[in-house]
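Below, each chain spelled out in residue letters.
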Amino acid sequence: MRVIRNTFMMALMVCAVCVGCHAASRTPAPAPLNDAQLAQKPGKQTAVFAGGCFWGTQSVFERVKGVLDTTAGYAGGSAATATYDQVTTETTGHAESVKVVYDPSKITYGRLLQIFFSVVHDPTQLNRQGPDVGTSYRSAIFYTNDEQQRISKAYIAQLDAAKVFPKPIVTQVVPLKGFYDAESYHQDYALYNPNNPYILVCDKPKIDALKEEFPELFKEYKGK
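Residues numbered from 1 in each chain as written. Predicted model: local features only at pLDDT ≥ 70, side-chain atom pairs only at ≥ 80, totals over all residues. Heavy atoms only, no water.

Points about the sheet that holds strand S2 (residues 67-75)
Here is step 1: Spatially, S7-S6-S1-S3-S2-S8 is the arrangement adopted by the six strands of the open sheet, whose pairing is mixed. Looking at strand neighbours, the two that pair on one side only are strand S7 (172-175) and strand S8 (179-181), the edges of this open sheet. Each adjacent strand pair in this sheet contributes to an overall mean axis angle of 35°, direction not counted.
Here is step 2: Both strand S6 (residues 139-143) and S7 contribute to a ladder of four bridges, which runs parallel. Bridged to Tyr 143 within S7 is Pro 175.
Here is step 3: Across the sheet, helix H6 (residues 146-161) lies against strand S1 (45-51), strand S3 (95-102), S6 and S7, angled at about 150° from S6, the strand it touches most. (Pairing = 2+ DSSP bridges. Helix = DSSP H or I, 4+ residues; strand = E, 2+ residues; numbered from the N terminus. Axes fitted to C-alpha atoms, helices over the stretch in contact; angles between N-to-C directions. Contact = heavy atoms within 4.5 Å.)

Set out below in structure tokens:
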């Protein structure tokens, strides 16, 4: 994030890199061969994903049918270091993450993973996404139960075996030990700052890709 998100010329300079992190979105990743079944009754389950800047990750998942709520935040470190100023030092162990609360009777965890790998980020970039560099921008799945761990690992193996991406996937699959909400100004940042050069260059293409590649799952989002 940092200054690069607020500087128009810098955003343009990294445009080619940032578009590169969406190259995989031109062809959606295949659906998981191993997935949970849709629940028989409505309910709430939680998934946590890290895929670079949480502005873009949130802007995608909040527009997915079956998703009830999203929160930008930090995962991977301790509560004591879960602030933006500390996380950007790249010394806390945190990754910019998004908590996704979804209805398992409307969408499966595997479908969320398919969107994560198709349009949210490039899972082959190690400790970075486009112009954003550091471990806080790493690709990670923070699973909340054994089923999420199983589905995630099986899906990554499926994608690697099929050579869906030109390089191996580097996404971490690790247990969620804690999720800490980010500061209020980060919540729905892309929605409320649509003309920010960083949003236009790096995040709007993700929303467009979701609408194009998963039209049956796309919903308009106007805010909470």
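Focus on helix H3 (residues 54-61)
Here is step 1: Counting buried residues in H3 gives eight out of eight residues, a clear majority hidden from the surface.
Here is step 2: Inspection of H3 places Phe 54, Trp 55, Gly 56, Thr 57, Gln 58, Ser 59, Val 60 and Phe 61 among the buried residues, and these make up the whole buried set.
Here is step 3: Packing partners of the buried residues in H3 comprise S1, S2, S3, helix H5 (109-120), helix H7 (189-192) and helix H8 (197-213). (Buried < 20%, exposed > 50% of the residue type's maximum accessible area, 1.4 Å probe, protein only.)

Details of the pattern of salt bridges
Here is step 1: Taken as a whole, this structure holds seven salt bridges when the rule is applied.
Here is step 2: A salt bridge links Glu 62 to Arg 63; the shortest N-O distance between them is 3.3 Å. Each of the two residues, Glu 62 as well as Arg 63, counts as buried.
Here is step 3: For Asp 69, the salt bridge is made with Lys 224, and the minimal N-O distance between the two is 3.2 Å. In this pair, Asp 69 is assigned in strand S2 and Lys 224 in the segment after H8, connecting sequence segments 155 residues apart.
Here is step 4: A relative accessible area of 29% means that Asp 69 is categorised as partly exposed.
Here is step 5: Overall, Lys 224 belongs to the exposed group, its relative accessible area being 66%. (Salt bridge = Lys/Arg side-chain N within 4 Å of Asp/Glu carboxyl O.)

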